[in-house]
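Structural overview for review
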Amino acid sequence: MIQIKLLSLVGSFAENKELAKKIRLEKIIPALEKKQEVILDFKGIDSATQSFIHALISDILRKYGSEALELIAFKNCSETVKKIINIVVDYMQESD
Amino acid sequence: MKIHLPNSAFLGNIDPFLRGFNPQNRSKLEITANKKWISLHPMVLSMVAALGLSLKPEQIYCEKLEAASKHYLKRMGLFKLLKIRSGIKPIHEHEPAGRFIPLTKITNSAELTNFITEMVPLLHLEPKHAAPLKYVISELVRNVLEHAQSKTGAIVSAQYYKKSNTIRIGVADAGLGIKYTINQSHPASTHLEAIRLALTPGITGTTWKEGGTELNAGAGLFFIKSIAKTNRDFLVVYSGDALYKLLKSPPTKTIKLFGDPFQDKHSHGENLPFWQGTVVGMDISLKATEEFTSLLDLIWETVIKSVKERKKARYRRARFI
């Protein structure tokens, strides 16, 4: 299992899509490839944009299917962040 | 090019100002202004700055301003950004905190992150008011950085208006424009149709596929329109020769979001003077009681409904012979 503390990587307002892509490619996907559980820790992050969350996880859902969600957990999410994650997850599954 | 700064140009009455803009002869810019008073939305200032930045200072002519409120343009940093003389005598400048964000050119991701960090304390906002503003600025400017190929980046400005308790923002670029970008993946024969598609959830110029690409969901502008609609505020999008304006919803009316922006209460226009690039103007009322998180529930329902409807529209039908 790996835990990714996002605050130190993206700041308290998660909006930088380039950083989201970097985290996905360099941390999340390698862990998923090894069938490791990934915990994305949003502690200290007040809000995020839909674009950031999309850049962080949508390609994972596209490539690995919604089963990937069984290996990813979202921790310490604010209400806003939770809702945006839900929008992106539902959106990707509806778009299949 | 000629641009005249009128007595008043805010989102509600922006149309005559836009129709008065003359985009011909792109090798020089002439700025004139109302002689008595100028009261302008930041969108107007961002437009003037975006035009001016595509030229050298010696290609810009600004007439001697006489309006009593001419210092506003100086305070918003117009002349400094364009590196031209204002002819306005120095004044004791107001403390910027709590009032406005001067015209700022943003050309990369790091500058945007810094801008957002510095913006909130400058406007003295509470967290519940800062959330939608940060969201809107991030999405609009990232759109410019990713899609517009604007040599001068995104030009952003904002101001707090005490009387209406509203933050007004303007983002302008001199890039490819919405039609060019949308046409990479979707057919839009007019600039207005391109704006309509860009405001529809799930449509992005980066792919024709539902769900977008790894970096683009095609929902950014829809989120912004939804924030404006839920707060019962104006949103203006101007690109090419077309204008879309989301009108204010009356306070008594229940808010309903639509995937198709033409179903919202709005006005639109075509055959306007051609704007090479995209301009967005938005008002964010701080009176709105709706928390940003509650608004997300409404957006969620609409996005999913819109995607389902489009999916259904593409279903193959049984052939009965």
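Here the structure is shown first, and the text comes after it.
Right, let's walk through the structure included here. Think of each chain on its own: its residues are numbered from 1, step by step along the sequence as written. Chains carry letters and ligands carry numbers; both start at the beginning, A for chains and 1 for ligands, and go up in the order they are written. Totals for whole chains, interfaces and linings use every residue, but because this is a predicted model, local features are given only for residues with pLDDT of at least 70 and side-chain atom pairs only at 80 or more, for both listing and counting. As a rule here, side-chain values come from all non-hydrogen atoms in the structure, and water together with hydrogens is ignored.

Remarks on empty space enclosed by the protein
Definitions used throughout: a 1 Å grid over protein atoms alone; a cavity as a set of points that fits a 1.4 Å probe which cannot get out; a pocket as an open set with protein on both sides within 12 Å along at least five of seven lines; a lining residue as one with an atom within 4 Å of a point. Grid points are joined across faces, edges and corners, and a volume is the space filled by probe spheres set on the points. This model, assessed by the stated rule, comprises 3 cavities of 30 Å³ or more. Put simply, DSSP marks the helices as runs of H or I at least four residues long and the strands as runs of E at least two long, and each gets a number from the N terminus on. When residues of the lining of the largest cavity are traced back to their parent elements, those giving at least two are helix 3 (50-64) of chain A together with helix 6 (127-148), strand 8 (166-173), helix 7 (178-182), helix 9 (220-230) and strand 12 (275-285) of chain B. The nonpolar class holds Ala, Val, Leu, Ile, Met, Phe, Trp, Tyr, Cys and Pro. Asp, Glu, Lys and Arg form the charged class, and all remaining residues, Gly among them, are polar. Partitioning the lining of the largest cavity into residue classes produces 13 nonpolar, 12 polar and 5 charged.

Looking at the interface of chain B and chain A
Note on contacts: a residue pair qualifies if any of its non-hydrogen atoms lie within 4.5 Å across the two residues. Counting from both sides, the interface comprises 33 residues of chain B and, opposite them, 29 residues of chain A. Buried area is a sum: the accessible area each of two parts loses on coming together, probed at 1.4 Å, counted once for each and added. In total, about 2,700 Å² of surface goes out of reach between chain B and chain A, with carbon and sulfur atoms giving 56% of it. Three residues, Glu 214, Leu 215 and Trp 300 of chain B, lead the burial of chain B against chain A; their summed loss comes to 24% of the area buried on that side. Salt bridges are defined as contacts in which a side-chain nitrogen from Lys or Arg sits within 4 Å of a carboxyl oxygen from Asp or Glu. The tally of links between chain B and chain A comes to 3 salt bridges. Here a polar contact is recorded for every N or O atom pair within 3.5 Å, except that within protein the pair must consist of a potential hydrogen donor and a potential acceptor, and residues adjacent in sequence are included only if both atoms are side-chain atoms. At the junction of chain B with chain A, the criterion picks out 10 residue pairs in polar contact (both at pLDDT 80 or more).

Description of the sheet that holds strand 3 (residues 29-33) of chain B
Residues and elements named next belong to chain B. Read from one edge to the other, the open sheet built from 3 strands follows the order 1-3-5, with strand pairing classed as parallel. With one partner strand each, in any of the chains shown, strand 1 (2-5) and strand 5 (60-62) form the two edges of the open sheet. Neighbour to neighbour, the strand axes of the sheet diverge by 15 degrees on average, direction disregarded. Across 4 bridges, the pairing between strand 1 and strand 3 is parallel. Within the sheet, the bridge partner assigned to Lys 2 lies in strand 3 and is Glu 30. In this analysis, strands are considered paired if DSSP registers two or more bridges between them. For helices, the fitted line uses only the C-alpha atoms of the stretch in contact; every axis is such a line through C-alpha atoms, and the angle between N-to-C directions lies from 0 to 180 degrees.

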